[in-house]
Amino acid sequence: MKNTKLYIISLIILSFLNLAVLKAADPAEELKNTRKLFKNASYSLKHLNAFADSALALDYECYAKAYNAAGTMIGAKFEANPFKKIKDFSNGKNALEEVIRANPENPEFRFVRLAVQLNIPKMLSYKDNIKEDTTLIKVFLNADKHEDEDLATMLKAFLELYSLGV
């Protein structure tokens, strides 16, 4: 009787562990989802919150930092207090620049910065890297082979959307 109870409890625990493993998303799929949500993050607080939740869940630490930094900058758009708006934008900018300094050749981080710089008001004085980031992304896209075809497709579409060429 005692062994039967132990066996049943063990089965229940294993079942819950298996469910947790099954529910755990593929990190590459999580990143794809975050990229999709990033496109619409500035449309509304609802879109921004969905993007922020996705970015926070990323298993790739640098990617989570880069996308969270972008989310912080985008969130400044929805802030009513002008001082908090500037502070939030500045915090996001500094965090993104830190990620890029640590990973200067990563085209995705350059894309995040480029997307922000192309879509913010000039008065924020954060437009210095547009040409540099565009060039790095084009070099990446002109390579013969890409490990991440989803990223390459997204980058091509982005450059075409902004008439930056490929």
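The following paragraphs examine the structure supplied in this document. (Residues numbered from 1 in each chain as written. Predicted model: local features only at pLDDT ≥ 70, side-chain atom pairs only at ≥ 80, totals over all residues. Heavy atoms only, no water.)

## Description of the pattern of salt bridges
Throughout the structure, instances matching the rule amount to eleven salt bridges. The closest approach of N and O atoms between R113 and E97, which form a salt bridge, is 2.9 Å. Taken as a pair, R113 in helix α6 (residues 107–118) and E97 in helix α5 (residues 82–102) lie far apart in primary sequence, 16 residues in all. By the burial criterion, R113 is buried, and E97 matches it. When salt bridges with common partners are traced through the structure, they connect E97, R110, R113, E132 and D133 into a single cluster. (Salt bridge = Lys/Arg side-chain N within 4 Å of Asp/Glu carboxyl O. Helix = DSSP H or I, 4+ residues; strand = E, 2+ residues; numbered from the N terminus. Buried < 20%, exposed > 50% of the residue type's maximum accessible area, 1.4 Å probe, protein only.)

## Some thoughts on the layout of surface pockets
Here the largest pocket is characterised by a volume of approximately 720 Å³. In this structure, the largest pocket is lined by 25 residues; those nearest its centre are S42, I74, A115, V116 and N119. If you list the elements that add at least two residues to the lining of the largest pocket, you get α2 (27–40), α4 (61–76), α5, α6 and α8 (149–161). Tallied by class, residues from the lining of the largest pocket come to 20 nonpolar, two polar and three charged. (1 Å grid on protein atoms, 1.4 Å probe; cavity = no way out; pocket = protein on both sides within 12 Å on 5 of 7 lines; lining within 4 Å. Points joined across faces, edges and corners; volume = space filled by probe spheres on them. Nonpolar A, V, L, I, M, F, W, Y, C, P; charged D, E, K, R; others polar.)

## Some words on the packing of α6 against helix α7 (residues 130–141)
It is the contact of α6 with α7, at a shortest axis distance of 9 Å, that shows an interaxial angle of 140°. It follows from the interaxial angle that α6 and α7 lie oblique. Crossing of α6 over α7 shows left-handed handedness. Between α6 and α7, the contacting residues are P107, R110, F111, R113, L114, Q117 and L118 on the first element and I130, E132, D133, T134, L136, I137 and F140 on the second. Split by residue class, the contact of α6 with α7 holds eight nonpolar, two polar and four charged. (Axes fitted to C-alpha atoms, helices over the stretch in contact; angles between N-to-C directions. Parallel < 35°, antiparallel > 145°, perpendicular 65-115°, else oblique. Left-handed = near helix turned anticlockwise from the far one by under 90°. Contact = heavy atoms within 4.5 Å.)

## Side note on the packing of aromatic side chains
Under the defined criterion, the tally for this structure stands at nine aromatic pairs. With centroids separated by 5.9 Å and ring planes inclined at 80°, the aromatic side chains of F51 and Y67 adopt a geometry described as edge-to-face. With F51 in helix α3 (residues 45–56) and Y67 in helix α4, this residue pair connects regions lying 16 residues apart in the sequence. Grouping residues by exposure puts F51 and Y67 together as buried. Aromatic ring contacts, followed pair by pair, group F38, F51, Y67, F111, F158 and Y162 into a single cluster. (Phe/Tyr/Trp six-rings, centres within 6.5 Å; stacked < 30°, edge-to-face > 60°.)

## Section: α7
In this model α7 runs 16 Å from its N-terminal to its C-terminal C-alpha over twelve residues, within 8% of the 16 Å that 1.5 Å per residue would give. Along α7, the residues classified as buried are I130, D133, T134, L136, I137 and L141. The buried residues of α7 all sit within an arc of 165° when viewed along its axis, so they share a single face. In α7, the exposed positions angled more than 90 degrees off the buried face are occupied by K131 and V139. Structurally, α7 contributes buried residues whose contacts are with α6 and α8. (Expected span 1.5 Å × (residues − 1). Arc of directions from axis to C-beta.)

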